[in-house]
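Fold and contact review
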Amino acid sequence: MTVILVIDDDPGTCQLLTDALQHQGYSVQTAGDGLAGLRTFEAVHPDFVVLDADMPLLDGHAVLRTVRDRDGDPVPVLMLTAATPLNGAARAWPDGVDYCLTKPFTPDEVTKLVNSLVGAWWAENEQ
Amino acid sequence: MTTRVLFVDDEPRILDGLRRSLRAYRHRWEMAFATSGAQALEMLAATPHDIVLSDMRMPGMDGAELLTRISQNHPEVARVVLSGHTEPAAAIRVAIAGHRFLNKPADVEQVAGVITELTARPSRTAEVGDEGQRVRRAAGAVRSLPTPPEHLEQVRKLLGRPDGDLASAAYAVAHNVGLAAKLFQLAASPFFSSRTRVTSLGNAVAAVGSPTIRSLADTGELLWPGPTPRLAETVRQAVATADLVALIASPGNRPYAHAAALLQDVGRFARQPAGDPDVSTRAVGVELLRLWGLPTPVVAAVAQRDREHTPDASGLGVAAAVRAAYLLVQQTDARDPDDDAHDAELASLLAHPQLANAPTDWLRAADDAAARAEGWTAGRESRSGRERRS
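About the criteria used
Residues numbered from 1 in each chain as written. Chains lettered and ligands numbered in written order. Predicted model: local features only at pLDDT ≥ 70, side-chain atom pairs only at ≥ 80, totals over all residues. UniProt positions renumbered as here; feature names shortened; annotations may be inferred. Helix = DSSP H or I, 4+ residues; strand = E, 2+ residues; numbered from the N terminus. Buried ≥ 20, exposed ≤ 12 C-beta atoms within 10 Å, placed from the backbone. Contact = placed C-beta atoms within 7 Å. Domains from an automatic or database assignment. Nonpolar A, V, L, I, M, F, W, Y, C, P; charged D, E, K, R; others polar. Pairing = 2+ DSSP bridges. Right-handed = clockwise from strand over helix to strand, strands pointing away. Axes fitted to C-alpha atoms, helices over the stretch in contact; angles between N-to-C directions. pLDDT = per-residue confidence, 0-100.

A short note on the UniProt feature "modified residue: 4-aspartylphosphate" (unreviewed entry) in chain A
All names here are of chain A. Mapped onto this numbering, the UniProt entry gives "modified residue: 4-aspartylphosphate" (unreviewed entry) at Asp52. Counting through the fold element by element, Asp52 comes out in strand 3 (residues 48-52). The exposure class of Asp52 is buried, given the 25 C-beta atoms found within 10 Å. The residues contacting Asp52, other than those within four sequence positions of it, are Ile7, Asp8, Asp9, Gly60 and Leu80.

Describing the domain arrangement of chain B
Residues and elements named next belong to chain B. When its domains are assigned, chain B resolves into domain 1 (3-120), domain 2 (149-222) and domain 3 (231-379). For domain 1 versus domain 2, the distance between C-alpha centres works out to 26 Å. Taken together, the nine residues of domain 1 in the interface contact ten residues of domain 2. Within the side of domain 1 that touches domain 2, the residues separate by chemical class into six nonpolar, two polar and one charged.

Remarks on the pairing of strand 4 (residues 78-83) of chain B
Residues and elements named next belong to chain B. The buried fraction of strand 4 amounts to six of the six residues, a majority that puts the element mostly inside the structure. Residue alternation in strand 4 divides its side chains into two sets, Ala78, Val80 and Leu82 and Arg79, Val81 and Ser83, and both sets are buried. Pairing of strand 3 (residues 51-55) with strand 4 involves five bridges; the strand directions are parallel. Within strand 4, the residue paired with Ile51 across the bridge is Ala78. With helix 3 (residues 63-73) bridging strand 3 and its parallel neighbour strand 4, the resulting β-α-β unit is right-handed.

Remarks on the sheet that holds strand 3 of chain A
Residue and element names in this part refer to chain A. What the five strands build is an open sheet, ordered 2-1-3-4-5; its pairing is parallel. Looking along the sheet, the strands with just one partner apiece sit at the ends: strand 2 (27-31) and strand 5 (99-102). When the angles between neighbouring strand axes are averaged without regard to direction, this sheet yields 20°. With four bridges joining them, strand 1 (residues 3-7) and strand 3 adopt parallel strand pairing. Bridged to Ile4 within strand 3 is Phe48. Relative to strand 2, helix 1 (residues 11-23) is tilted by about 170°, and along the sheet it contacts strand 1, strand 2 and strand 3.

Considerations on the confidence of the model for chain B
Residue and element names in this part refer to chain B. Residues with a pLDDT of 70 or more make up 86% of chain B, whose mean pLDDT is 84. Across chain B, element-level confidence peaks in helix 2 (residues 37-46) with a mean pLDDT of 97 and bottoms out in helix 20 (residues 383-389) with 39. Long-range and interchain partners of residues 380-390, a stretch whose pLDDT sits below 50, account for 15 contacts in this model, where long-range means more than four residues apart. Here the predicted complex carries an ipTM of 0.91, next to a pTM of 0.90.

Here's the deal with the interface of chain A and chain B
Taken residue by residue, the interface counts 23 residues in chain A and 21 residues in chain B. Of all the secondary-structure elements, those providing two or more residues to the side of chain A that touches chain B are helix 4 (89-92), strand 5, helix 5 (107-118) and helix 6 (121-125) of chain A. Here the side of chain A that touches chain B is composed, by residue class, of 14 nonpolar, four polar and five charged.

Here it is in structure tokens:
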């Protein structure tokens, strides 16, 4: 089963994305901060990561750089960024992010991007 | 139109098991059962079917021979192998003849999943009606893509050397459209592949393993029939685009983009069935990749290669990265003379924030990629190619 890892310190966003992604047939794991996110990443080997840019302890940019330093096929990463220059997409592209969505976003925007890359054939067809 | 599925196995109890376990699907497909290859061919001649799922080991006509005959006489029928057999020589014969490969005893969900995938008509990529049937026939008649003998020799040499490792084999396969296509196809099937999700060519090479790759390189089935300058040009352009898209696509999209660039024109390798009006080679290529079970982003990027792209702010994605690399290669000596320039579109793709701040001179990178591809397809490994591998 395709596993999506959602790393976000906002429980509301985690829940919203979990519901939307589970509805599409994905198995979803969540983590509430960057460090927990990296631990879960190593434990579950997700097929796709949805990552908040702005988190305490270890922010999304640091998580992304750590994930990109690993060997093997790179896992697709979608970063959720605030519309501020400090945490915006401009910082994430050079670190190897695949997609960026600026807040506020809708769960549909997230599921569409996830489907386009790791979706089952039927998810792709429904677009 | 009802989907018709034909199951072939010489053991009636296996067929009974399939009939029982797939009962829940009987309202979705009409199922028929044959206990020999000869009976299956009679049934196909009498009634059109959409899919055949055949056992490999049968007395008289075995599965490989049956599927080869079906590819010749009924190319519109999708060919699935159900096999528990692992004898390498026979495995290679079905690897050439089949579209999909399942382990036996097969998991019901897997069988149903493959049938559903092979009968689905994705709205964005597939043709419908008569045109769709012609596309399916042209794609279904293809068992493998032709490959120049010197490229197969190169792969054999790399795998045969005592220090020959899978990474150098993957490098050689990355310049070999025919073999790469076959490896992606096999890697998508649990029978040949040790991994559940294969995205990159390196991963596909590792999943299929060197003994199978060597046997594939040894089979005459992949051989280039003779000098075909148009196909050589297609291969050169595909190799240059794949090389370049590795710089353009973001890390998570890169394996898909590389595969799509390499396989972008597989439709040109297919022979159009005699007597049929010509169908679009792009549609045939897309159908072929779908039949072979390549990942959706790869199939979608190949389907959209000729479509004008407006980059999405959220990221270039696979298809736009492939399109950008293709348009850049069109600016070099490796260009496809049949296509026009798309300067404004290319400029807008390269201005995407994902690429705009990268310290790369894209036109120069495209020239380098074209020169490397030229060197490789002319049979000599370029200096930079050697450096990349070491």
